[in-house]
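# Coordinates in review
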Amino acid sequence: MRFLGHSTVLVEVDGVRLITDPILRDRVTFLRRVPPPLPAEAYAGVDAVVLSHLHHDHCDPPSLALLGAGTRVIAPAGSEEFLRRHGIRDPVTLRAGGSCTVGPVTVTATPAVHDGRRVPFGPDADAIGYLVTGSEATVYFAGDTALFADMRTLCPRLDMALIPVWGWGPNLGAGHLDPDDAAEAVARLRPRRAVPVHWGTLFPYGMKPFFGDRLQSPAPAFAKAVEARGLPTEVTVLAPEEELAWDP
C-alpha cells in the first residue's frame, strides 16, 4: 500500500493494483500540491481506478489520462456521460450495494453521506465508498463521507480502513470527517488497521503561511483520538508517497 497524497492510495489485494481517487498533478483548480510532485513510477501498473465522487479533488480527468487509456475506471452512478466525455471508455458505474470484479477481487460500492455534485455545472452523481475484497483481506475506502449508522454493519471482518480525517483547506464543510469524527468511524467499523487519508497534500494558493497547521495536525490528532478511545485498531500515519507493507 502506498499513500500518494490527499485521497489517492495505491492498494494491492491478491495481486490486483487499484488506485483510489487519483490526483496525480501538481495543481487542481485553485489547489496546489504541497509535497513534492509524484513521479510516474509511483502510479505505474495500475489495473483499475475507483472513484468515490466527481468533486475536482477526487476526480481529475487529466490525472486519469496519465494512467493510460486502457485502465479500467469504476465510478458512482450518474458519472457515465461525464467520464465518457473526458475520454474514459466503458466506465463501470455502481450504486451503493452494487459490485463488480477485477480479476480475483470483488469491488463493492458502499454508502457515503456527501454531496456528489460536481460544481459549478457538472453532473449530480452519487457519492460512494468501496469495499475491496480478496481471498485474504478486505479494504474499505471511505471516499468523502460524514458518519452514518450503517458503518457498524458495513463489514464483519475489516482488515484495513482508509479513513478521511480532514480536507484541503482551513475549514471543513458538511459531509466530511474531522479527526474526532474519524475516530468515531473507526469505533463503528472496527478495522484491524486504519490509515488516515484526505490530509496533508492539497491546499489553496496563498493560505499555507496562515493555516499551515492544517497540513500537519489532522492525522496525528486522529491517531491520538483512536488511542484515547481504547480501540484495538492499529493506526499507521503515512506521509505522502510513504509505503506500508502489511500482512492481512
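Before reading further, recall that the structure is shown in the block above.
Heads up: these notes are all about the structure in this document. (Residues numbered from 1 in each chain as written. Predicted model: local features only at pLDDT ≥ 70, side-chain atom pairs only at ≥ 80, totals over all residues. Heavy atoms only, no water.)

### Details of the overall build of the protein chain
To keep it simple, the criterion reads: Put simply, DSSP H or I for four residues or longer makes a helix, DSSP E for two residues or longer makes a strand, and each gets a number counted from the N terminus. Throughout, the radius of gyration refers to the C-alpha atoms, and the reference size of a globule is 2.2 Å times the residue count to the power 0.38. Relative accessibility decides the category of a residue: with a 1.4 Å probe and only protein chains considered, values under 20% of the type maximum give buried, values over 50% give exposed, and everything between is partly exposed. Contacts are residue-level and defined by heavy atoms, with any inter-residue pair within 4.5 Å sufficient. Only the protein chains shown count as covering a residue, and every accessible area follows the Shrake-Rupley method with a 1.4 Å probe. Counting rule for charge: Lys and Arg are taken as positive, Asp and Glu as negative, and neither His nor the chain ends is counted. Lysine's charge is taken at NZ, arginine's at CZ, aspartate's at CG and glutamate's at CD.
Each helix and strand in the protein chain was counted, giving five helices and 16 strands. In terms of overall size, the protein chain behaves like a compact globule, its C-alpha atoms giving a radius of gyration of 16 Å where 248 residues would be expected to give roughly 18 Å. Counting only C-alpha atoms, the protein chain reaches 45 × 45 × 35 Å along its principal axes. For the protein chain, the residues scored as buried account for 55% of the 248 residues in total. The long-range fraction of contacts in the protein chain, counting pairs at least 24 apart against all pairs at least 6 apart in sequence, stands at 66%. Element-wise, carbon and sulfur atoms account for 51% of the exposed surface of the protein chain, whose accessible area totals about 10,500 Å². In the protein chain, 23 side chains carry a positive charge and 29 a negative one; their mean positions are 3 Å apart.

### Let's talk about the sheet that holds strand 5 (residues 31-33)
Using the following cut-off: At least two bridges found by DSSP between two strands are what make those strands a pair.
As summarised here, the arrangement of the three strands in space is 4-5-15, forming an open sheet in which the pairing is antiparallel. Two strands bound the open sheet, and with one partner strand each, they are strand 4 (27-28) and strand 15 (202-204). Here strand 5 pairs with strand 15 via three bridges, running antiparallel. Across the sheet, residue Arg33 finds its bridge partner in strand 15, namely Leu202.

### Brief notes about the packing of aromatic side chains
Rule in force here: Any two of the Phe, Tyr and Trp rings considered here, Trp counted by its six-membered ring, make a pair once their centres fall within 6.5 Å; the pair's planes then place it as stacked at under 30 degrees, edge-to-face at over 60, or tilted in between.
Enumeration over the complete set of coordinates arrives at two aromatic pairs. When the ring of Phe3 is compared with that of Trp199, the centres are 6.5 Å apart and the planes differ by 15 degrees; the resulting orientation is stacked. With Phe3 in strand 1 (residues 2-5) and Trp199 in the loop between strand 14 (193-197) and strand 15, the pair connects residues that are 196 residues apart, well separated along the chain. Assessed through its relative accessible area of 1%, Phe3 is described here as buried. Ring geometry for Phe30 against Trp168: centres 5.2 Å apart, planes inclined by 75 degrees, an arrangement best described as edge-to-face. With a gap of 138 residues between them, Phe30 in the loop between strand 4 and strand 5 and Trp168 in the loop between strand 13 (160-164) and helix 3 (179-189) connect regions that are remote in the sequence. In this structure Phe30 comes out as partly exposed when scored by relative accessible area, which is 44%.

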